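The lines below spell out each chain.
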Amino acid sequence: MAVIRDIHTHRSLVRSGTASCETITRGFLDSIREHESLNAFRALFPEESLGRARAIDAKRSTAGALAGVVLATKDNICRKGKPTGCCSKILEGYVSPYDATVVRRLEEADAVLVGTTNMDEFAMGSSTENSAYGTTRHPLDAQRVPGGSSGGSAAAVAAGLVTAALGSDTGGSIRQPASFCGVVGLKPTYGRVSRYGLVAFASSLDQIGPLTRTVRDAAEILQVIAGHDPSDATSSREAVPAYVDALTRDVKGLRVGLPKEYFTTALDKGIADAIMSRVEFLRARGAVVRDVSLPHAEYSVATYYVISTAEASSNLARFDGARYGRRSDGTTLAEMYTRSRSEGFGNEVKRRIMLGTYVLSAGYYDAYYRKAQKMRRLIVNDFENAFREVDCILTPTTPTTAFAVGEKAGDPLTMYLSDVFTVSANLAGIPGLSIPCGKDAKGLPIGLQILGKRFDESTILRTGDFLESV
Amino acid sequence: MAVTIKDVEHVAMLARLEFDEAKKQQLVKDLNAMLAYIDKLNEIDTTSVEPLVQVGGAPGALRDDEARPSPPQDDMMQNAPERSGPLFKVPKVIGER
C-alpha cells in the first residue's frame, strides 16, 4: 500500500472504496507498534479504532470530511471511557467520563482516533522530558528531544505513525515541537477552538490545535474543530471561514512584517538564513516585506512565566485526592491533600505551582502578578500596532533546533527561554503557525513561525501553504 | 526580595505541597533565579497601564437560565478514590486536634 501522506488521500481512498479504512488503520497501527522505541504514544485503542474504521467503510461515499483519517490526541484531551493522564502520576488510572468537544467533532467527521500521545506532565515543558512515562525520542535522532510539550504528537506525525495529531499550546507547545520535528503546527486564535475537555494548565493562554505534515491538512483539521461551543464560555461566536479555500498560493500585495527585535545578531545564523531565504520567495512573488517593531518582545518570557504559573497553581489545586486522581493516606484532610499532591506531581509541575503560588501570595501579588498583567497589555498593544502595518509577521519558531536529551533538564530558566519566540502569541491571543523551513548543518529541521491577526488564520495558512509550495 | 527557606515553607503550605530539606534548598535556588529574571519587568514603568486579564475581553453572552441535563452521577464519580453512595469520602475534617 502506498504511503498515505495527507487528509485528501485518506478521504478519497475511503470514499471511493479504493482502499478500506480498516486496512489503512491496521497499517498505521502496525507502524505505531514498530516504532515503540520513540515512546510517542501513551495509550493505543486498536480494537475500537478498527471497529470505527469498519463503520466508516460502511458509509463509504457519505463518510465525513475527515473520512478515515488516522489521528492521535494528546494525553490531556478527554475521551469518554479512555484514560486521560496528562502524563502525570497524579492521574494514573483516571478514565474520562465525557468527550472533549474537539474529540466529538473529529469523530463526527469520521476521523479514526487511534491513541493518545506522550507529553510533558500537565503540558509543562519544552522537551517531553517531564513526562512521568519517559521522554519521547526525536524521530531523526534518538539522542535528541522532539520538543514539547506536545512532543509525542509531533514525533508521531513526523514519523508517519498518524496523519495528524492534536496538541495543546499554552506558550508554544504545538509550534515548538512541530519546529523541532519538521512538521506543521498551528496554534489557533484564543477562543477559536473549544477548550471543553482539555485539562486546564493556564486558562487564559491554552488553545488546542493540529500537528500535520502539510499546511492544507492543518486547515482541514481546523475547519472541523473550530467554532463556538456552549460548553466553553471563552469560545468565540466569530464566524468560521472556509480555510482550505484561502489557500490560493497568491501572495501578491501581502504585507509581511519582520520584527527587528527577533532578527538580531544573537540569532543563530543558520536559522536566520533559512528564514530570510523564505522571505525572498515572498518578495519575489509580490509580497511587501517591511520591518516592524515589537518593543516589549524581550519581556514576553518573564510575563508568561508569571501569568502561566499563577493560573496553573490555581487550576492544579483541583488535584487534591478527594474526587479523582491519586489519593495518599493521611489522618487529616490537609495531610491527605498534601501527601497526594506531593507524591503525585513531578518536579517541574511542583516548581511551577510554587512559583505561581508565590506570585499570587499576599504581599507579592501586585509586584509580580499584577505587573505581569500590565506587561501583557503592552505586549498585546505591540501586536495591534504592528498589525496596522502588516497582514502577518514572520519569525523563527525557536532559537535553536532540537537539543540533546538532558541538555537543558537541569536548568529550568534555560529551558523556559526555548519558548522565547512562541509565548507572545499566547499572551496576545493571536494565531501562530510553524512550518518546516529547511535543515541546519546537523540535518535537523528549522521552523518558521507565521503570526496573524486574531481570527485571521486564513492569512497565515495561505502564507504557509505558499511557502510550502516553493 | 530574595526567597528564603521560610518563604518556601510558607508557600508550600499554601500550595499543599511538602518537600524534604534538599528539595527546599533547590527551590530556594530555582525560585530566586526565576524571580531575578522576572524582575526585568521592572525596567518598564507600567504605572498608568491597565492590567489585562483576558484577551478579547471577559466572556460575554450570558445564556438563558435553563436547566440542562447533567451527566449521570455515577459516571462523574467513577474516578473517586473512595466514596460512600453518592458522596465522596475523605478523612475527618471537623473535630480534630
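Owing to the predicted nature of the structure, the values given are computational and were not obtained by experimental measurement.

S.K.: I would appreciate a short explanation of the overall build of chain A in the present structure.
M.R.: Across its full length, chain A carries 15 helices and 11 strands. Across its three principal directions, the C-alpha atoms of chain A cover 65 × 55 × 45 Å. Put simply, chain A has 470 residues, and 65% of those count as buried. Across chain A, contacts joining residues at least 24 apart in sequence account for 76% of those joining residues at least 6 apart. Total accessible area on chain A stands at roughly 15000 Å², and carbon and sulfur atoms take up 49% of it. For chain A, the distance from the average site of its 56 positive side-chain charges to the average site of its 52 negative ones is 2 Å.

S.K.: Please clarify how helix H15 (residues 457-469) of chain A should be interpreted in this entry.
M.R.: Residues separated by three or four positions in an α-helix point in the same direction, a consequence of the helix having 3.6 residues per turn. If you check H15 of chain A, its first and last C-alpha atoms are 18 Å apart, about what 13 residues at 1.5 Å a residue would give, namely 18 Å. Turning to H15 of chain A, the residues buried within the fold contact strand E5 (184-187), helix H7 (215-225), helix H8 (269-284), strand E9 (392-396), strand E10 (432-439) and strand E11 (445-452) of chain A.

S.K.: Where do I start with the environment of Lys82 of chain A in this structure?
M.R.: Residues and elements named next belong to chain A. Mapped onto the fold, Lys82 is located in the loop between strand E2 (70-74) and helix H4 (101-108). The sequence separation of Lys82 and Ile430 amounts to 348 residues, and the corresponding C-alpha distance is 32 Å. Within polar-contact distance, the side chain of Lys82 engages the side chain of Glu48 at 2.3 Å.

S.K.: Sorry, what's going on with the interface of chain B and chain A here?
M.R.: It is common to report an interface's size as the accessible area lost on association of the parts. Listed per partner, the contact involves 53 residues of chain B and 69 residues of chain A. Looking at the side of chain B facing chain A, the largest losses of area belong to Leu41, Leu52 and Val55 of chain B, adding up to 12% of the total buried there. Counting the contacts that link chain B with chain A gives 4 salt bridges. Residue Glu82 of chain B is joined to Arg327 of chain A by a salt bridge in which the shortest nitrogen-to-oxygen separation is 3.2 Å. At the boundary of chain B with chain A, the tally comes to 18 residue pairs in polar contact (both at pLDDT 80 or more). Mapped onto the side of chain B that touches chain A, the elements with two or more residues apiece are helix H1 (5-14), helix H2 (21-38) and helix H3 (73-77) of chain B. A total of 9 residues in the side of chain B that touches chain A trace back to one element, the largest contributor, which is H2 of chain B. Its residues assigned to classes, the side of chain B that touches chain A comprises 32 nonpolar, 7 polar and 14 charged.

S.K.: I tried to follow the sheet that holds E10 of chain A on my own but got confused; where do I start?
M.R.: Strand-to-strand pairing in sheets goes through backbone hydrogen bonds, with the strands running parallel or antiparallel. All names here are of chain A. The 11 strands lie next to each other as E1-E3-E2-E4-E6-E5-E10-E11-E9-E7-E8, forming an open sheet whose pairing is mixed. The sheet is open, and its two edges are formed by strand E1 (41-44) and strand E8 (288-292), each paired on a single side. For this sheet, the mean angle separating the axes of adjacent strands, direction not counted, is 30 degrees. On top of the sheet, helix H3 (residues 46-59) reaches E1 and strand E3 (112-117); it is set at about 155 degrees to E3, its chief contact.

S.K.: I would appreciate a short explanation of the packing of aromatic side chains in the present structure.
M.R.: Each aromatic ring pair is specified by the distance between its two centres and by the angle formed by the two planes. All names here are of chain A. With the rule as written, the count across this model stands at 15 aromatic pairs over all chains. Between Phe319 and Phe345, the aromatic rings sit 6.3 Å apart at their centres with planes inclined by 85 degrees, giving edge-to-face as the arrangement. Highlighted residues: Phe319 in the loop between helix H9 (300-315) and helix H10 (333-344) and Phe345 in the loop between H10 and helix H11 (347-360), separated in sequence by 26 residues. A single burial state applies to Phe319 and to Phe345, both of which are buried. Here the aromatic cluster, defined as three or more aromatic residues joined through ring pairs, consists of Tyr94, Phe122, Phe319, Tyr324 and Phe345. The ring of Tyr133 has Arg42 lying over it, and the distance from NZ or CZ to the ring centre is 3.4 Å.

S.K.: Teacher, can you tell me more about the nonpolar core here?
M.R.: Considering soluble globular proteins, one finds that nonpolar side chains tend to be buried as a cluster. All names here are of chain A. By size, the foremost hydrophobic cluster in this structure holds 136 residues, and its most contacted members are Leu66, Leu106, Phe122 and Leu461. With near-sequence residues (within four places) excluded, Leu461 lies in contact with Leu186, Val215, Ala218, Ala219, Leu222, Tyr243, Leu247 and Leu433. Membership of the second largest hydrophobic core comes to 32 residues, among which are Ile4, Ala63, Ala155 and Cys181.

S.K.: How should the confidence of the model for chain B be read in this particular structure?
M.R.: As a general rule, the predicted coordinates of low-pLDDT regions are not to be interpreted in detail. Taken residue by residue, chain B gives an average pLDDT of 91. The fraction at 70 or more is 91%. What the predictor reports for the complex is a pTM of 0.97 with an ipTM of 0.94.

S.K.: Help me understand the state of the cysteines in this model?
M.R.: One way to say it: the disulfide is the covalent bond shared by the sulfur atoms of two cysteines. Under the criterion given, the structure shown has 0 disulfides over all chains. Left unpaired, Cys86 of chain A is separated from the closest cysteine sulfur, that of Cys78 of chain A, by 7.7 Å.

Cut-offs and rules
- Residues numbered from 1 in each chain as written.
- Chains lettered and ligands numbered in written order.
- Predicted model: local features only at pLDDT ≥ 70, side-chain atom pairs only at ≥ 80, totals over all residues.
- Heavy atoms only, no water.
- Helix = DSSP H or I, 4+ residues; strand = E, 2+ residues; numbered from the N terminus.
- Buried < 20%, exposed > 50% of the residue type's maximum accessible area, 1.4 Å probe, protein only.
- Contact = heavy atoms within 4.5 Å.
- Areas by Shrake-Rupley, 256 points an atom, 1.4 Å probe, with all protein chains shown as cover.
- Lys, Arg positive; Asp, Glu negative; His and termini not counted.
- Charge placed at Lys NZ, Arg CZ, Asp CG, Glu CD.
- Expected span 1.5 Å × (residues − 1).
- Polar contact = N/O pair within 3.5 Å; in protein donor to acceptor, adjacent residues only side chain to side chain.
- Buried area = accessible area lost by both parts, 1.4 Å probe.
- Salt bridge = Lys/Arg side-chain N within 4 Å of Asp/Glu carboxyl O.
- Nonpolar A, V, L, I, M, F, W, Y, C, P; charged D, E, K, R; others polar.
- Pairing = 2+ DSSP bridges.
- Axes fitted to C-alpha atoms, helices over the stretch in contact; angles between N-to-C directions.
- Phe/Tyr/Trp six-rings, centres within 6.5 Å; stacked < 30°, edge-to-face > 60°.
- Lys NZ or Arg CZ within 6 Å of the ring centre and 35° of its normal.
- Core = buried A, V, L, I, M, F, W, Y, C linked by side-chain atoms within 4.5 Å.
- pLDDT = per-residue confidence, 0-100.
- Disulfide = S-S within 2.5 Å.

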